[in-house]
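Observations on chain architecture
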Amino acid sequence: MATYFDPKAWSPLRAVDLGMDLGRRLFDQSWLDQWTSFTTAWLEPAADFGAGTVTALMPDVLMTLLSEGILSQFGGREVSATLLGHDLRATLHTLKVRRRGAHFQTKTVLTGLHWNRHPIEELTVIAHGVRLVPGVPTKVRTSQLDLNGVISLAALLDWINGWQPDWELAPAPDGLILARHRRRRIKALAEAEVTDNVLSITVHQAHWRKVRAPKRFTTLNPIPLTGLPSEARIKRAQRVGDHVIFAADLPAITGSFDLAQIRSAIVAGTTLIVF
């Protein structure tokens, strides 16, 4: 399997004399001048290159400028972003890019992530089939996103309690979940696991008004997880101690960004916006 390459080693960088460390030059005026010339060429291909050259060269150069600029400014630090209408804040540890045929693949590792104020302790995102489409604004398209992460059990239950009105969930001893119905006097101890987008729930005990329910009434069939937001598919979710380890994927996603705003955000260390 091919490994993630060092963007500074690409031949397009050598062709445009950007072989030195972009991180050290992030705040240098020449770096801004080079970015300006590239973004101008990206928006107006005839300005600096022939159309055929731009088609092959500019995506590589732009992806390098974006990845190097973002990692140099935010690597090991907190980054904030607005991503398709969702607020995101996290510490950025890894941002790698490699070319896969006609498209790119990116790998991002975040910790201390807050997604719309919901905390996720660690998240790795691999974007497949990434493609940049020139224009105003510039479009970015992915064929699939693979997500692997760790979330605390308390945070996950708080998240679930916020969108479903019937049950209040809380951690219980022995790796179980205590579920209390908000209107009826029903309590249950259960455990759950997700495999291949199917939720399996095992009820260990259930009581109604202090009367224990027969086991035949607490046997639940597996539940397919259809209709999740953005057609998400949960491949695996399993409790390990006080945490839940999960893996999910999302189908094709399209977003847009303003090159000038991204450039300014990298230099100033402010919010990155993809809409």
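What counts and what doesn't
- Per chain, residues are indexed from 1 in the order of the written sequence.
- Thresholds applied to this predicted model are a pLDDT of at least 70 for local features of residues and 80 or more for the giving and counting of side-chain atom pairs; totals over whole chains, interfaces and linings are not thresholded and use all residues.
- As a rule here, side-chain values come from all non-hydrogen atoms in the structure, and water together with hydrogens is ignored.
- We count a stretch as a helix when DSSP gives it H or I for four or more residues in a row; a strand needs E for two or more, and each element gets its number in order from the N terminus.
- Only the protein chains shown count as covering a residue, and every accessible area follows the Shrake-Rupley method with a 1.4 Å probe.
- We call a residue buried when its accessible area falls under 20% of the maximum for its residue type, exposed when it is over 50%, and partly exposed in between, using a 1.4 Å probe and counting protein chains only.
- By convention in these notes, a salt bridge is any Lys or Arg side-chain nitrogen within 4 Å of a carboxyl oxygen on Asp or Glu.
- Note that the arc is defined by the directions from the helix axis to the C-beta atoms.
- N or O atoms within 3.5 Å of each other form a polar contact, as long as, within protein, one can give a hydrogen and the other can take it, and as long as residues adjacent in sequence are counted only when both atoms are side-chain atoms.
- Whether two residues are in contact is decided by their heavy atoms, any of which lying within 4.5 Å being enough.
- Throughout, nonpolar core names a set of buried Ala, Val, Leu, Ile, Met, Phe, Trp, Tyr and Cys residues whose side chains join them through atoms within 4.5 Å.
- Strand pairing follows a simple DSSP-based rule, namely that at least 2 bridges must link the two strands.
- By definition, pLDDT measures how confident the predictor is in each residue, and it falls between 0 and 100.

1. Considerations on the overall build of the chain
From N to C terminus, the chain includes five helices and 16 strands. Within the structure as shown, the chain displays about 15500 Å² of accessible surface, and the carbon and sulfur contribution to it stands at 56%.

2. Some points on the environment of Ala 127
Considering the arrangement of structural elements, one finds Ala 127 in strand S4 (residues 118-133). Relative accessible area serves as the criterion here: at 6%, Ala 127 is assigned to the buried category.

3. A few points about the pattern of salt bridges
Pairing between side chains becomes possible if they bear opposite charge and their charged atoms approach one another. Summed over all chains, the structure comprises two salt bridges. A salt bridge links Glu 78 to Arg 89; the shortest N-O distance between them is 3.4 Å. With Glu 78 in strand S1 (residues 78-83) and Arg 89 in strand S2 (residues 86-100), the pair connects residues that are 11 residues apart, well separated along the chain. Taking the shortest distance from any N to any O, the salt bridge between Arg 233 and Asp 249 comes out at 3.9 Å. Here the residue Arg 233 occupies a position in strand S13 (residues 233-240), and Asp 249 occupies one in strand S14 (residues 243-250), the gap between them amounting to 16 residues.

4. A few points about unusual backbone geometry
The backbone phi angle of Leu 84 is positive, close to 50°, even though this residue is not glycine. Within the secondary structure, Leu 84 sits in the loop between S1 and S2. Owing to a relative accessible area of 34%, Leu 84 belongs among the partly exposed residues under this scheme.

5. Concerning helix H5 (residues 259-268)
Burial in H5 covers these residues: Leu 259, Ile 262, Ala 265 and Ile 266. Buried residues of H5, viewed axially, fall in a sector of 130°; they line one side. Residue Asp 258 occupies the N-cap position of H5, its side-chain oxygen lying 2.8 Å from the main-chain nitrogen of Ala 260. Just past H5, the residue Gly 269 takes up positive phi, approximately 75°.

6. Description of the side chain of Thr 124
Relative to the helices and strands, Thr 124 is located in strand S4. The exposure class of Thr 124 is buried, given its relative accessible area of 17%. Aside from chain neighbours lying at most four places away, what touches Thr 124 is Lys 107, Thr 108, Val 109, Asp 146, Leu 147 and Asn 148.

7. A look at the nonpolar core
Judged by nonpolar contacts, the single largest core of 44 residues is most densely connected at Ile 70, Leu 92, Leu 113, Leu 123, Phe 257 and Leu 272. Sort the elements by how many residues they give to this core and S4 lands first, with six residues. Non-local contacts of Leu 92, meaning those with residues more than four positions away in its chain, are made with Ile 70, Leu 71, Phe 74, Gly 75, Gly 76, Arg 77, Val 79, Thr 108, Val 109 and Leu 110.

8. A closer look at the pairing of strand S3 (residues 103-115)
In the sheet, S2 pairs with S3 via 11 bridges, with the strands oriented antiparallel. Its bridge partner being in S3, Val 97 is matched across the sheet by Thr 106. Once S3 ends, the chain turns through two residues before running back antiparallel as S4, passing Asn 116 with a positive phi of about 50°.

9. Looking at the pairing of S1
The side chains of a regular strand alternate between the sheet's two faces. Of the strand pairs in this sheet, S1 and S2 are connected by six bridges, and their pairing is antiparallel. Looking at S2, one finds that Glu 78 is bridged to Thr 91. Between the antiparallel neighbours S1 and S2 lie two residues, among them Leu 84 with a positive phi of about 50°.

10. Section: the side chain of Asn 197
Note on placement: Asn 197 falls in the loop between strand S9 (186-195) and strand S10 (198-208). According to the relative accessible area criterion, Asn 197 is buried, its value standing at 14%. A polar side-chain atom of Asn 197 sits 2.9 Å from the main-chain carbonyl oxygen of Leu 225. Excluding residues that lie within four positions of it along the chain, Asn 197 makes contacts with Ile 223, Pro 224, Leu 225, Leu 228, Ala 232, Arg 233, Ile 234 and Lys 235.

11. Examining the environment of Ile 266
Residue position: Ile 266 is located in helix H5. Overall, the relative accessible area of 0% leaves Ile 266 in the buried class. For the pair formed by Ile 266 and Leu 66, sequence separation is 200 residues and the distance between their alpha carbons is 8.6 Å.

12. Digging into the confidence of the model for the chain
The pLDDT averaged across the chain works out to 78; a share of 77% of its residues lies at or above 70. For the chain, the element scoring lowest by mean pLDDT is helix H1 (residues 11-15), at 33; strand S6 (residues 144-152) scores highest, at 95. Low pLDDT, under 50, characterises residues 1-29; the predicted model gives this stretch 60 contacts beyond four residues in sequence or across chains.

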